[in-house]
Structures are given as C-alpha cells and as structure tokens.
Amino acid sequence: MQASGDTQDLHRLFAALPARILVLRPDAPRFTMLGASDAYLETCGKRLQDLLGHGLFEVFPESPAG
C-alpha cells in the first residue's frame, strides 16, 4: 500500500498530464467517474467535484451521435 504522500503525488501527476483523460469504473451501464486530468476538465468545462462519483450519462446525458 502506498503512503498518503505518494498517493497525493500520483494524483497531482495524473491531473497535470497534457492528455484529456477520464477514468471510469467498469460498472456498466452507470460508468462511475473516478478521475479526470486537468486537460479533460478544461475541455468539458466541468470541475472535478462535478464528476467524481457520478455516472457518465448523469453528467453528460447528450448522445454524441446525436
């Protein structure tokens, strides 16, 4: 098990990645959101606290196919 400081460093590193990354739990059909990089948050215009613990389609109900 990692120490708390190591976990915080890992979260800061993940958040700072330049890639747009959203981490989902594979609990279909909900797909609970577990994390997101800062680049992803900037792109979708959401705050991390708006996403964490919520289902993907609760926060983003629109269909990209349209």
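Relevant structure appears above.
Bear in mind the structure is a predicted one, so any value in this text is a computation, not a measurement.

A. Spotlight on the overall build of the protein. In terms of regular secondary structure, the protein is built from four helices and two strands. Ordering the α and β elements of the protein from the N terminus gives α-β-β-α-α-α. By sequence separation, contacts in the protein at least 24 residues apart represent 18% of the contacts at least 6 residues apart. Of the roughly 4900 Å² of accessible surface on the protein, 59% is carried by carbon and sulfur atoms.

B. Focus on the pattern of salt bridges. Applying the stated criterion across every chain, the model contains three salt bridges. The residue Arg 12 makes a salt bridge to Asp 9 at a minimum N-O spacing of 2.4 Å. Of this pair, Arg 12 and Asp 9 both sit in helix H1 (residues 4–16), three residues apart, which is roughly one turn of the helix. On the basis of relative accessible area, Arg 12 is assigned to the exposed category, the value being 52%. The partner of Arg 30 in a salt bridge is Glu 58, with the nearest N and O atoms 2.8 Å apart. Of this pair, Arg 30 sits in the loop between strand S1 (22–24) and strand S2 (33–36) while Glu 58 sits in helix H4 (residues 56–59), and the two are 28 residues apart along the sequence. On the accessibility criterion, Arg 30 (35% relative accessible area) is partly exposed. By relative accessible area, Glu 58 is classed as partly exposed at 48%.

C. The arrangement of the layout of surface pockets in detail. When its volume is computed, the largest pocket comes out at roughly 180 Å³. Around the largest pocket sit Leu 10, His 11, Phe 14, Ala 15, Val 23, Leu 34, Gly 35, Ala 36, Asp 38, Leu 41, Leu 48 and Leu 52, which together line it. Looking at the lining of the largest pocket, the elements that each hand over two or more residues are H1, S2 and helix H2 (38–44). Looking at the lining of the largest pocket element by element, the count peaks at four residues for H1.

The rules behind each value
- Residues numbered from 1 in each chain as written.
- Predicted model: local features only at pLDDT ≥ 70, side-chain atom pairs only at ≥ 80, totals over all residues.
- Heavy atoms only, no water.
- Helix = DSSP H or I, 4+ residues; strand = E, 2+ residues; numbered from the N terminus.
- Contact = heavy atoms within 4.5 Å.
- Areas by Shrake-Rupley, 256 points an atom, 1.4 Å probe, with all protein chains shown as cover.
- Salt bridge = Lys/Arg side-chain N within 4 Å of Asp/Glu carboxyl O.
- Buried < 20%, exposed > 50% of the residue type's maximum accessible area, 1.4 Å probe, protein only.
- 1 Å grid on protein atoms, 1.4 Å probe; cavity = no way out; pocket = protein on both sides within 12 Å on 5 of 7 lines; lining within 4 Å.
- Points joined across faces, edges and corners; volume = space filled by probe spheres on them.

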